[in-house]
Amino acid sequence: MNHLYSSIEAKYFELEKTFGAHNYNPLPVVLKRGLGPFLWDLNDKKYFDFLSAYSSLNQGHCHPEILKVLFNQASKLTLTSRAFHNNTLGEFEEFICNLFEYDKVLPMNSGVEAAESAVKIARKWGYKKKGVKKNNAKIVFPKNNFWGRSIAAISSSTNPIAYKNFGPLLSGFEIVPYDNLNLLEAKLKNPECVGFMLEPIQGEAGIIVPSDGYLSNVKYLCNKYNVLFIADEIQTGLGRTGKILATDYENAKPDILVLGKALSGGIMPISAVLASNEIMLCLQPGEHGSTFGGNPLSAKIAKKSLEVIIDEKLAENAFELGELFRSSLNDYISKSSTVKLIRGKGLLNGMVINDNSQESLAWEICIDLMKNGILAKPTNKNVIRFAPPLVINKTQIKKAIAIIKSTLVKFENK
């Protein structure tokens, strides 16, 4: 590979290969700068970022208002731990609870930490409030779920790549097909079931959008059987799908809401779990925590990151440009032998590639997209995820669409 690149690029490839764990397979590009929807490599080549760090950068790279807050707070106080109070956390907690209409928030760091916290809270609620017998609580997940790679997360996974050779796995997790209400109801009827956690749109599985009415019916069934509806909106939330939350499309307010990624504006790991007093106050001092969760710097950044999404109407922009993106590409797909379809909501979209070869055609297309100025990656082998920062404008996305179409032409009838 290295002979295709400059010696300085090859140096960085080799450094990561030599000293880094081999748990990622990145595109062969070395990035040094980002601004808004764009990235630049070592040779100052400019790219559209169509991954947004898996939707962590809804506000775009290096948003000036978020950076201002970062620099200002970092010069005053960054970390106290939760052993003490600080003068930024409470203001953030009040803001996010009022915004999403919950009583309490548990601030954490990474998305998987927040999702695992939600699982712990649901179990504790099950024992304290629902009366489930000790160590019998069950939490249901849809097939092809993805919420991280911790031992707990892979214990609910149906992907052998995630769980193979990492056992023994945790018990108490059960699986149902996604978007199947009948089989879900059969699980929720179990009096030991305390929660159902799902992504409103499955991201890693290939941008799988459920049927209309699925989320509202999930909410109804969870209420009917006294089971907590847990929405993992780490990737789908905060404007990405054209609403502040993807569950807003059906007024399916979750009992426990899990947020992450763009809560940070792409600056640092920040996540949060929101719930009612009845649910959240099941946790008592010493039962859960995080040294960095809710630190003064993250509290300031998260509050400003949310304000940017609201003030700049990024959800509305995502809705409008998502409609344009899909309709423009559907015009091409109707005559394509390479692409089956494009699906998604807002600016979270997956292009499904016809791929009967052993090598991934989606990967080859992403390499050519990179050469032509767009950075995107496959998920679930034959689906290319397109998720640009929500600050992208109509002129820019039209240019990106033109690049995508011209890139695909090379692969027709291949």
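Look a little higher up for the structure.
Figured I'd write up the structure that's included with this text. (Residues numbered from 1 in each chain as written. Predicted model: local features only at pLDDT ≥ 70, side-chain atom pairs only at ≥ 80, totals over all residues. Heavy atoms only, no water.)

## Thoughts on the overall build of the protein
Piece 1. Along its length, the protein carries 14 helices and 15 strands.
Piece 2. Computed over the C-alpha atoms, the radius of gyration of the protein is 22 Å, within 12% of the 22 Å expected from 2.2 N^0.38 for a compact globule of 414 residues.
Piece 3. Among the 414 residues that make up the protein, the fraction classed as buried is 54%.
Piece 4. Within the protein, contacts between residues at least 6 apart in sequence are counted, and of these 72% link residues at least 24 apart.
Piece 5. As presented, the protein carries roughly 19000 Å² of accessible surface, and 52% of it is formed by carbon and sulfur atoms.
Piece 6. In the protein, 49 side chains carry a positive charge and 40 a negative one; their mean positions are 2 Å apart. (Helix = DSSP H or I, 4+ residues; strand = E, 2+ residues; numbered from the N terminus. Rg over C-alpha atoms; globule rule 2.2 N^0.38 Å. Buried < 20%, exposed > 50% of the residue type's maximum accessible area, 1.4 Å probe, protein only. Contact = heavy atoms within 4.5 Å. Areas by Shrake-Rupley, 256 points an atom, 1.4 Å probe, with all protein chains shown as cover. Lys, Arg positive; Asp, Glu negative; His and termini not counted. Charge placed at Lys NZ, Arg CZ, Asp CG, Glu CD.)

## Thoughts on the pattern of salt bridges
Where charged atoms of side chains with opposite charge meet at close range, the side chains can pair.
Piece 1. Following the criterion strictly, the structure yields 13 salt bridges and no others.
Piece 2. We note a salt bridge from Asp255 to Lys219, for which the minimum N-O separation is 3.6 Å. Separated by 36 residues along the polypeptide, Asp255 in the loop between β8 (228–232) and β9 (256–259) and Lys219 in helix α9 (residues 214–224) bring together distant segments of the chain.
Piece 3. When salt bridges with common partners are traced through the structure, they connect Lys303, Lys304 and Glu307 into a single cluster. (Salt bridge = Lys/Arg side-chain N within 4 Å of Asp/Glu carboxyl O.)

## Quick word on the sheet that holds strand β5 (residues 138–142)
Piece 1. Read from one edge of the open sheet, 7 strands run β4-β10-β9-β8-β7-β5-β6, paired in mixed fashion. Whereas interior strands pair on both sides, the edge strands pair on one side only; in this sheet they are β4 (104–108) and β6 (173–176). Looking at each pair of strands side by side, their axes are set apart by 20 degrees on average, direction ignored.
Piece 2. When β5 meets strand β7 (residues 193–198), the two strands line up parallel, connected through 3 bridges. In the strand pairing of β7, Lys138 is matched with Cys193. (Pairing = 2+ DSSP bridges. Axes fitted to C-alpha atoms, helices over the stretch in contact; angles between N-to-C directions.)

## A closer look at the packing of aromatic side chains
Piece 1. In the structure shown here, the tally under the stated rule is 9 aromatic pairs.
Piece 2. Here Phe141 and Phe173 contribute two aromatic rings whose centre-to-centre distance is 5.1 Å and whose plane-to-plane angle is 70 degrees, an arrangement assigned as edge-to-face. On the criterion of sequence distance, the pair formed by Phe141 in strand β5 and Phe173 in strand β6 is long-range, its members being 32 residues apart. The residues Phe141 and Phe173 share a single accessibility class, namely buried.
Piece 3. Geometrically, the ring pair formed by Tyr178 and Tyr214 is edge-to-face, given 5.6 Å between the ring centres and 65 degrees between the ring planes. Separated by 36 residues along the polypeptide, Tyr178 in the loop between β6 and α8 (181–188) and Tyr214 in helix α9 bring together distant segments of the chain.
Piece 4. Members of the aromatic cluster, connected to one another through ring pairs, are Phe38, Trp40, Phe48, Phe50, Phe325 and Phe386.
Piece 5. The ring of Phe38 has Lys46 sitting right over it, with the charged end atom 4.0 Å from the ring centre.
Piece 6. Of note, Lys253 hangs over the ring of Tyr102, and the distance from its end group to the ring centre comes to 4.4 Å. (Phe/Tyr/Trp six-rings, centres within 6.5 Å; stacked < 30°, edge-to-face > 60°. Lys NZ or Arg CZ within 6 Å of the ring centre and 35° of its normal.)

## What about unusual backbone geometry?
Piece 1. Cis geometry marks the peptide bond from Gly167 to Pro168; its omega dihedral reads 5 degrees.
Piece 2. With respect to the helices and strands, the residue Pro168 is situated in the loop between α7 (160–163) and β6.
Piece 3. The phi dihedral of Asp44 is positive, around 65 degrees, even though this residue is not glycine.
Piece 4. As for its position among the elements, Asp44 is in the loop between β2 (38–41) and β3 (46–49).
Piece 5. Backbone geometry places Ser81, a non-glycine residue, at a positive phi of 70 degrees.

## Things to note about the environment of Val209
Piece 1. Mapped onto the elements, Val209 comes out in the loop between β7 and α9.
Piece 2. A relative accessible area of 28% places Val209 in the partly exposed class.
Piece 3. Taking C-alpha positions, Val209 is 8.8 Å from Asp179, a pair spaced 30 residues apart along the chain.
Piece 4. In this structure, Val209 is in contact with Ile201, Gly344 and Lys345, ignoring residues within four places of it in sequence.

## Structural notes on the pairing of β7
Piece 1. Counting buried positions along β7 yields 6 of 6 residues, so the element is predominantly enclosed.
Piece 2. As judged from the 4 bridges shared by β7 and β8, these two strands associate in the parallel manner. For Met197, the partnering residue across the bridge sits in β8 and is Ile230.
Piece 3. Assessed by its sense of winding, the connection that carries the chain from β7 through α9 to β8 is right-handed. (Right-handed = clockwise from strand over helix to strand, strands pointing away.)

## A closer look at the nonpolar core
Piece 1. Within the largest apolar cluster, 68 residues are counted, with the highest numbers of intra-cluster contacts made by Phe50, Ile96 and Ile404.
Piece 2. Ala115, Val132, Phe141 and Val258 belong to the second-largest nonpolar core, a separate cluster that totals 30 residues. (Core = buried A, V, L, I, M, F, W, Y, C linked by side-chain atoms within 4.5 Å.)

## Digging into the state of the cysteines
Piece 1. Inspection of the entire model under this criterion finds 0 disulfides.
Piece 2. Here Cys193 is not cross-linked by a disulfide; its sulfur's nearest cysteine counterpart is in Cys222, at 7.4 Å.
Piece 3. Here Cys282 stays unpaired: no disulfide links it, and the sulfur of Cys193, its closest cysteine neighbor, is 16 Å away.
Piece 4. Relative accessible area serves as the criterion here: at 1%, Cys282 is assigned to the buried category. (Disulfide = S-S within 2.5 Å.)

## Comments concerning the sheet that holds strand β13 (residues 374–375)
Piece 1. Reading across the sheet, the 4 strands line up as β1-β2-β3-β13 and stay open at both edges, with mixed pairing between neighbours. With partners counted over all chains shown, the strands left at the sheet margins are β1 (31–35) and β13, one partner each.
Piece 2. Sitting on the sheet, helix α14 (residues 394–409) touches β2, β3 and β13, and the angle it makes with β3 is about 100 degrees.

## Looking at the environment of Asp44
Piece 1. We classify Asp44 as partly exposed; its relative accessible area is 48%.
Piece 2. Once the C-alpha coordinates of Asp44 and Lys32 are considered, the two residues, 12 residues apart in sequence, prove to be 8.5 Å apart.
Piece 3. Within the structure, Asp44 has its side chain in polar contact with the side chain of Lys32 (distance 2.9 Å). (Polar contact = N/O pair within 3.5 Å; in protein donor to acceptor, adjacent residues only side chain to side chain.)

In short, shape yes, function no, at least from these values alone.
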